[in-house]
Amino acid sequence: MKKLGFGLMRLPQLNQDDYSSVDIEKVRKMADMFMENGFTYFDTAFPYHGGNSEVAFREAVVKRYPRSSYTITDKLSLFMIKKEEEIPEFFEEQLERLGVEYIDYYWLHGLGEPSYRQAQAMHAFAFLEQKKAEGKLKHIGLSFHDKAALLDEILTEHPEMEYVQIQLNYLDWEDETVEAKKCYEVATKHHKPVIVMEPVKGGSLVNIPDAAKQLYQNFSPDRSTASWAIRFAASHDNVMMVLSGMSNEEQMADNISYMKNFEPLSAEEQELVGKAAGIIKDSIAIPCTACRYCVDECPEKIAIPDYFSIYNNLKRFGESQAMVAGTYYGNLAQSHGKASDCIKCGKCEGRCPQHLPIRKYLSDVAEALG
């Protein structure tokens with residue numbers, strides 16, 4: 001397979017204020033462009049777009065293409081399940097939403113310390129093996145958001161896992177919280193191919209400081225900023241697939257332009273990326289990827305990632321953005337909880353793949369924006 005996968009987490013929306021309002025017609029056009037250029041790998045999950053990501057895939061791909069022409073990855077989202085008896089029903093609903101009789105790749109979703117213990121208690125690993133034996137799953141594995149030591153423990157105890165999906169990008173490669181490099185090395189040690197998520201870190205590696213952008217443009221004026229991030233992820237030997245959460249046809253066309261006939265980064269390009277990473281790290285106040293898992297858990301319905309994005313722009317561009325930031329914040333606060341409404345329950349932090357101190361950051365946002 002070609003190394004670019006279509007991540008169905010940030011699809012085009014009919015209403016930008018309604019995450020569940022997927023624009024199916026635009027998804028069809030993007031899927032057509034993707035497959036016409038020889039790409040076949042799609043990735044979704046039950047909670048994406050309020051459940052409509054799986055449905056969008058069915059409408060855009062399953063109903064319009066032969067089953068042998070694509071592969072679909074889905075996930076067992078244990079954080080949405082309260083007891084073991086609910087797992088079979090959850091899985092069957094996924095098959096129905098997707099409109100398929102089997103799933104090509106199926107992961108235990110977002111494993112970390114608590115969810116790994118939950119997976120063990122609910123016999124989730126055995127469930128995946130059972131469905132694979134029944135032919136309803138072709139390959140099984142896990143997506144992972146935690147420390148490398150835990151990943152090593154999981155793969156040691158569960159060698160039946162065939163693949164590992166991890167967050168890997170040039171900003172997190174040496175990061176002590178995400179441990180992207182260490183996790184990649186653990187997966188490689190266990191001979192598990194790696195699927196990369198968040199290669200552009202939720203857009204953080206697209207909207208980069210001018211100094212970093214200039215480095216790239218001086219080297220190759222025609223290449224997009226995103227191309228450096230995706231090619232960095234794809235350049236690692238044990239990376240089987242790099243997911244890109246594309247939101248429009250322009251992003252799709254750009255990704256295809258350099259991934260259709262992929263060339264790994266040269267040594268000179270690797271050095272350039274390292275310099276850019278240093279500049280970017282100094283500019284990001286809150287390293288949020290806008291995955292929105294925190295929003296699902298928030299009892300006050302605070303628009304956490306949206307507020308963080310506004311705050312980051314304010315910090316990056318200074319007072320010139322103060323009025324704009326205040327306007328966006330005020331508009332969002334009309335239909336969502338304000339940052340100051342946070343009750344410090346910590347549920348958001350328990351779901352954050354980046355392990356961010358969200359409560360502290362919300363206090364910063366409230367202080368800056370009211």
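Above this text is the structure in question.
First things first, this report covers the structure right here in the doc.

Rules and cut-offs
Residues numbered from 1 in each chain as written. Predicted model: local features only at pLDDT ≥ 70, side-chain atom pairs only at ≥ 80, totals over all residues. Heavy atoms only, no water. Buried < 20%, exposed > 50% of the residue type's maximum accessible area, 1.4 Å probe, protein only. Helix = DSSP H or I, 4+ residues; strand = E, 2+ residues; numbered from the N terminus. Arc of directions from axis to C-beta. Pairing = 2+ DSSP bridges. Axes fitted to C-alpha atoms, helices over the stretch in contact; angles between N-to-C directions. Contact = heavy atoms within 4.5 Å. Parallel < 35°, antiparallel > 145°, perpendicular 65-115°, else oblique. Left-handed = near helix turned anticlockwise from the far one by under 90°. Expected span 1.5 Å × (residues − 1). Polar contact = N/O pair within 3.5 Å; in protein donor to acceptor, adjacent residues only side chain to side chain.

Side note on helix 7 (residues 180-189)
Now for step 1: For helix 7, the complete set of buried residues consists of Ala180, Cys183, Tyr184, Val186 and Ala187. Taken end-on, helix 7 shows its buried residues confined to a sector of 160°, consistent with a single buried face.
Now for step 2: Following helix 7 by one or two positions, histidine 191 adopts a phi angle in the positive range, close to 60°.

What about the sheet that holds strand 8 (residues 239-244)?
Now for step 1: Around the barrel, which closes on itself, the 8 strands sit in the order 1-2-3-4-5-6-7-8 with parallel pairing between neighbours. Sheet twist, expressed as the average angle between the axes of neighbouring strands with direction ignored, equals 30°.
Now for step 2: Strand direction decides the pairing type here: strand 4 (residues 103-111) and strand 5 (residues 137-144), joined by 6 bridges, are parallel. For tryptophan 107, the partnering residue across the bridge sits in strand 5 and is glycine 141.
Now for step 3: In this fold helix 6 (residues 148-157) packs onto strand 4, strand 5 and strand 6 (163-167), with an angle of close to 155° to the strand it touches most, strand 5.

Quick word on the pairing of strand 6
Now for step 1: Counting buried positions over the 5 residues of strand 6 gives 5, a clear majority of the element.
Now for step 2: Side-chain alternation along strand 6 places Tyr163, Gln165 and Gln167 on one buried face and Val164 and Ile166 on a second face that is also buried.
Now for step 3: Across 4 bridges, the pairing between strand 5 and strand 6 is parallel. Note on strand 6: the bridge partner recorded for glycine 141 is tyrosine 163.

Overview of the packing of helix 9 (residues 225-234) against helix 10 (residues 249-259)
Now for step 1: With their axes 10 Å apart at the nearest point, helix 9 and helix 10 run at an angle of 50° to one another. When the axis of helix 9 is compared with that of helix 10, the two are oblique. For the pair helix 9 and helix 10, the sense of crossing is right-handed. Contacts between helix 9 and helix 10 involve Ala226, Ser227, Ile230, Arg231 and Ala234 on the former and, on the latter, Asp254, Asn255, Tyr258 and Met259.

Here we look at helix 16 (residues 358-369)
Now for step 1: Relative to the 16 Å expected for 12 residues at 1.5 Å per residue, helix 16 spans 16 Å between its end C-alpha atoms, a close match to the ideal helical length.
Now for step 2: Among the residues making up helix 16, those that are buried are Ile358, Tyr361, Leu362, Asp364, Val365, Ala366 and Leu369.
Now for step 3: Just past helix 16, the residue glycine 370 takes up positive phi, approximately 95°.

Description of unusual backbone geometry
Most peptide bonds take the trans form, and the phi angle of most residues other than glycine is negative.
Now for step 1: Phi angles above zero are rare outside glycine, and lysine 201 is one such case at about 50°.
Now for step 2: For lysine 201, the position within the fold is in the loop between strand 7 (194-197) and helix 8 (210-219).
Now for step 3: Taking relative accessible area as the criterion, lysine 201 reaches 2% and is therefore assigned buried.
Now for step 4: Phi is positive for arginine 292, close to 75°, though the residue is something other than glycine.
Now for step 5: Summarising the element assignment, arginine 292 is placed in the loop between helix 11 (267-281) and helix 12 (293-297).

Overview of the environment of asparagine 169
Now for step 1: Checked against the element boundaries, asparagine 169 lands in the loop between strand 6 and helix 7.
Now for step 2: Given a relative accessible area of 0%, asparagine 169 falls into the buried group.
Now for step 3: For the pair asparagine 169 and isoleucine 279, spaced 110 residues apart in sequence, the C-alpha separation works out to 15 Å.
Now for step 4: Contact partners of asparagine 169, with chain neighbours within four places excluded, come to Glu198, Pro199, Lys201, Leu205 and Phe232.
Now for step 5: Of the polar contacts made by the side chain of asparagine 169, one reaches the backbone nitrogen of aspartate 172; its length is 2.8 Å.

These figures capture arrangement, not role.
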